[in-house]
Structures are given as C-alpha cells and as structure tokens.
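# Fold and contact review
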Amino acid sequence: MPKFRHGLVLGAIVGTAWALFTAKKTGADRQRDTAAYLDDVTGAVQDVSASAGKLQTALGHLLTQLQTTVPTVQKQVERDIADFQFQAQPRLNQINETLTTLQADAAGFTDQKVTNKS
C-alpha cells in the first residue's frame, strides 16, 4: 500500500509539473480568466435571484387578484344558473306535458292499428 501512495503522489507532482510547463496561458492570464468567469457566474446568479424575486411578487399579486375575483365571479355564475333554471322550468314542464300527450296518442294509435288488423 505505501508503494501505491508514493506512486500516486509522484504521479500527481509529475502531472502538475507537465501541465504547468505545457500550458499555453500564464498564471496571470489564467487568474484573469478565472476571475472573469466567476464574475460572470456571480452576475448570472444575481440575475436569477432578482428574477425569482420578481416572480414571487407577481405570484403574490396574482393570488390576491384571484382571491378577490373568484368569489365575485362564482356568485354571478350561481345567480345566472338559478335565473336560467327559473326561466327554463316552465318550458321543461311544457315539453314534458307535450311528450306525455304524444306518448298517449301514439299508444292509442298503435292500439287502434292492432284492433283494425284483427
């Protein structure tokens, strides 16, 4: 096991040295690039955070609007349904009476037809 550790440490040192000697950028360039990248990421995170705050505010306004609008609309719809039922009930009664009359007449017609055939 100690040989493996020594090999791992030696490999890490050699790999790091090789990467530093063959790198196309200097340490200062790499630091500037890393700093610029971190600034970009920080700015993006702040933008997302601000957008999330705006979304939360908008959802709060929407919830308030729904809480005030839905009960009013619900009451109006209930009134409209009751009004429709009130207006439609006499018509439905008339339709039911007409159907009853038609059924009675049809039953009498079929009874006469059977009697005439005999």
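Given the structure is predicted, the values throughout are model-derived calculations rather than measurements.

So, how was this worked out
Residues numbered from 1 in each chain as written. Predicted model: local features only at pLDDT ≥ 70, side-chain atom pairs only at ≥ 80, totals over all residues. Heavy atoms only, no water. Helix = DSSP H or I, 4+ residues; strand = E, 2+ residues; numbered from the N terminus. Rg over C-alpha atoms; globule rule 2.2 N^0.38 Å. Buried < 20%, exposed > 50% of the residue type's maximum accessible area, 1.4 Å probe, protein only. Areas by Shrake-Rupley, 256 points an atom, 1.4 Å probe, with all protein chains shown as cover. Lys, Arg positive; Asp, Glu negative; His and termini not counted. Charge placed at Lys NZ, Arg CZ, Asp CG, Glu CD. Salt bridge = Lys/Arg side-chain N within 4 Å of Asp/Glu carboxyl O.

### Examining the overall build of the chain
- In terms of regular secondary structure, the chain is built from two helices and zero strands.
- Since a compact globule built from 118 residues should have a radius of gyration of about 13 Å, the 43 Å found for the chain marks it as more spread out than a globular shape.
- A total of 118 residues make up the chain; the buried ones form 1% of that total.
- Accessible surface, the chain: about 10900 Å² in total, of which carbon and sulfur atoms supply 64%.
- Charge-centre separation for the chain: the mean point of 12 positive side chains lies 17 Å from the mean point of 11 negative side chains.

### Some remarks on the pattern of salt bridges
- Under the criterion given, the structure shown has one salt bridge.
- Among the salt bridges present, the one from Arg32 reaches Asp29, with a minimum N-O distance of 2.2 Å. Of the two residues, Arg32 and Asp29 are both situated in helix H2 (residues 27–117); the distance of three residues between them amounts to about one turn of the helix.
- On the accessibility criterion, Arg32 (52% relative accessible area) is exposed.
- Classification of Asp29 by relative accessible area gives partly exposed; the value is 29%.

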